[in-house]
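Single-letter residue listing:
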Amino acid sequence: MARTTPFWLAAPTRFASFKRGHARIGIAIVLTLLLATLTALTVANPPELGAISGGERPQTDLMLYENIVAGIKGGGSYYAVAADALRAGDYPLRPFLTFRLPGLATILAALPPWAPQLLQLMLALTVAVTWMLRLRPALPRLAPMLAAAILLAGSLLAFAQPGLVAFHEIWAGLLVALSLGMRKPGRWIEPVAIALAAMLIRETAALYAIIMLAFAWLEGERREAIGWGIALAAFGAALGVHAYAVSGVTGPLDAMSPGWAGLQGFGLFVKSLTLATALQLLPLWAGALLVGLALTGWAAWNDPLGLRMIAILSAYALVIGIFARLDTFYWGLMVAPVFLLGLVFVPDAIRDLVTQSLDRKRITVTRVTR
């Protein structure tokens, strides 16, 4: 088997251990993945594109959340204000999941006007520092660290925009990224608590917690698995209280959601990540291909964190591809804050795949003297 020296990583990628046949299959899978990302070109532009890119927009989810915060500041109770805002914007009020959990809006309404934006920037900076420290052992030289810093800034582009402070995915996505970056063997209490906070802001963060529970259980980390289970149980209890509260402000005549079976496929996941990161500055075809390469990089990183990251990305890709509609493309924000960091592993990943695919069996001749 060929031995490769890492290009700029501290250790070879996961692909360096592949045999020749497996490496060639890996190359075929990567090429197929890149072709699959181009299905994003067939996905229509989301109607709320301005909510992320900062352009002019009509009634959007972001405006809805801003109106709810303003109503609470004006002295209203969350559920009454939210119900009125949903009706005024012609949004469905049933089932109860059309209402966001009240925590974020209540906190934003209680803070002075300057505080939410400052907290948002501080949280984004904390995520950046946490991940740069986490990647330091894997990137021992200055050049890859600088590349990682640039990629991280590109991932956090939307998360540093003050105009998105009322958007639930902004806060929940940052908290998920912080939780994942902090988690290490034996250190799980803080990541679990942070993930619970993310779930109480945006329900889709529960998917992240479920995946982390599964990894902890499979790795024999029973206490950690129990911790994730307790967090999910607490979230479930809060969701039950939330459902009861929503039932008190809605009735049978309120509009019903059209459902979440969007069936937009993998292309919507790809497009959501291009819109949520600096890839929105590139032509869509180029951004889509870079999404595929970033996924390849995360899969290649020979570290338990890389394995967790690719599992999380795959799970959200499946959920977004099946359930998200065009107007909920921003679900991709849940995994966007550090997504582009996967590109830093790509040079070594491609090199290892190509090297292993060209490996030839060697015949060793041993001369024995009697």
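Here's a quick rundown of the structure. Quantities reported herein were computed from a predicted structural model and do not represent experimental measurements. Here the residue numbers are simple positions, counted from 1 along each chain's written sequence. Owing to the predicted nature of the model, reporting of local features is limited to residues with pLDDT of at least 70; listing and counting of side-chain atom pairs is limited to 80 or more, with chain, interface and lining totals taken over all residues. Just so you know, side-chain values use all the structure's heavy atoms and leave hydrogens and water out.

**Brief notes about the layout of surface pockets**
Only protein atoms enter the calculation, which uses a 1 Å grid: trapped sets of points that fit a 1.4 Å probe without letting it out are cavities, open sets showing protein on both sides within 12 Å along at least five of seven lines are pockets, and any residue with an atom within 4 Å of a point is a lining residue. Grid points are joined across faces, edges and corners, and a volume is the space filled by probe spheres set on the points. Within this model, the second largest pocket holds a volume of roughly 200 Å³. Lining the second largest pocket, in full, are G103, L104, I107, L108, L111, L119, L123, W171, L175, A197, L200 and I201. Secondary-structure elements contributing two or more residues to the lining of the second largest pocket are α5 (103-110), α6 (115-135), α8 (168-182) and α9 (189-201). At four residues, the largest contribution of residues to the lining of the second largest pocket is made by α5. Think of it as three bins: nonpolar holds Ala, Val, Leu, Ile, Met, Phe, Trp, Tyr, Cys and Pro, charged holds Asp, Glu, Lys and Arg, and polar takes everything else, Gly as well. A class-by-class count of the residues in the lining of the second largest pocket yields eleven nonpolar, one polar and no charged. Numbering of helices and strands runs from the N terminus; a helix is a DSSP stretch of H or I covering at least four residues, while a strand is a stretch of E covering at least two.

**Details of empty space enclosed by the protein**
Across all of its chains, the model carries three cavities of 30 Å³ or more by this definition. In this structure, the largest cavity occupies an estimated 60 Å³ of space. Lining the largest cavity are G173, V176, A177, L180, M309, I312, M334, V335, P337 and V338. The set of elements that each furnish at least two residues to the lining of the largest cavity consists of α8 and α14 (304-323). Here the lining of the largest cavity takes four residues from α8, the largest share from any one element. Here the residues of the lining of the largest cavity are counted per class, giving nine nonpolar, one polar and no charged.

**Examining the packing of α9 against helix α11 (residues 222-247)**
Every angle, taken between N-to-C directions, lies between 0 and 180 degrees, and every axis is a line fitted to C-alpha atoms, over only the stretch in contact when it is a helix. Running from amino to carboxyl end, α9 crosses α11 at an angle of 20 degrees, the nearest separation of the two axes being 10 Å. Comparing the axis directions of α9 and α11 gives the class roughly parallel. Here α9 runs over α11; the crossing is right-handed. Taken together, the residues of α11 that come into contact with α9 (itself represented by P191, V192, A195, L196, M199 and L200) are G227, W228, A231, L232, A234, F235 and A238. The residue makeup of the contact of α9 with α11, split by class, is twelve nonpolar, one polar and no charged. To sort the angles, those under 35 degrees are grouped as roughly parallel, those over 145 as roughly antiparallel, those from 65 to 115 as roughly perpendicular, and the leftovers as oblique. For any helix crossing, the convention is left-handed if the near helix is rotated counterclockwise from the far helix by under a right angle, and right-handed if that rotation is clockwise. Two residues form a contact once any of their heavy atoms are found within 4.5 Å.

**Thoughts on the nonpolar core**
Put simply, buried Ala, Val, Leu, Ile, Met, Phe, Trp, Tyr and Cys residues joined by side-chain atoms within 4.5 Å make one nonpolar core. The buried label goes to any residue with under 20% of its type's maximum accessible area, the exposed label to any with over 50%, and the partly exposed label to all in between, with areas taken from a 1.4 Å probe on protein chains only. If you look at the biggest cluster of nonpolar residues, it comprises 115 residues, and the most contacted ones within it are I68, W131, Y208, W298, F339 and L341. Broken down by element, this core gets its largest block of residues, ten residues, from α8. Setting aside residues no more than four positions away along its own chain, Y208 makes contact with V176, S179, L180, A195, W228, I312 and Y316. Membership of the second largest hydrophobic core comes to seven residues, among which are V30, A300, A349 and L353.

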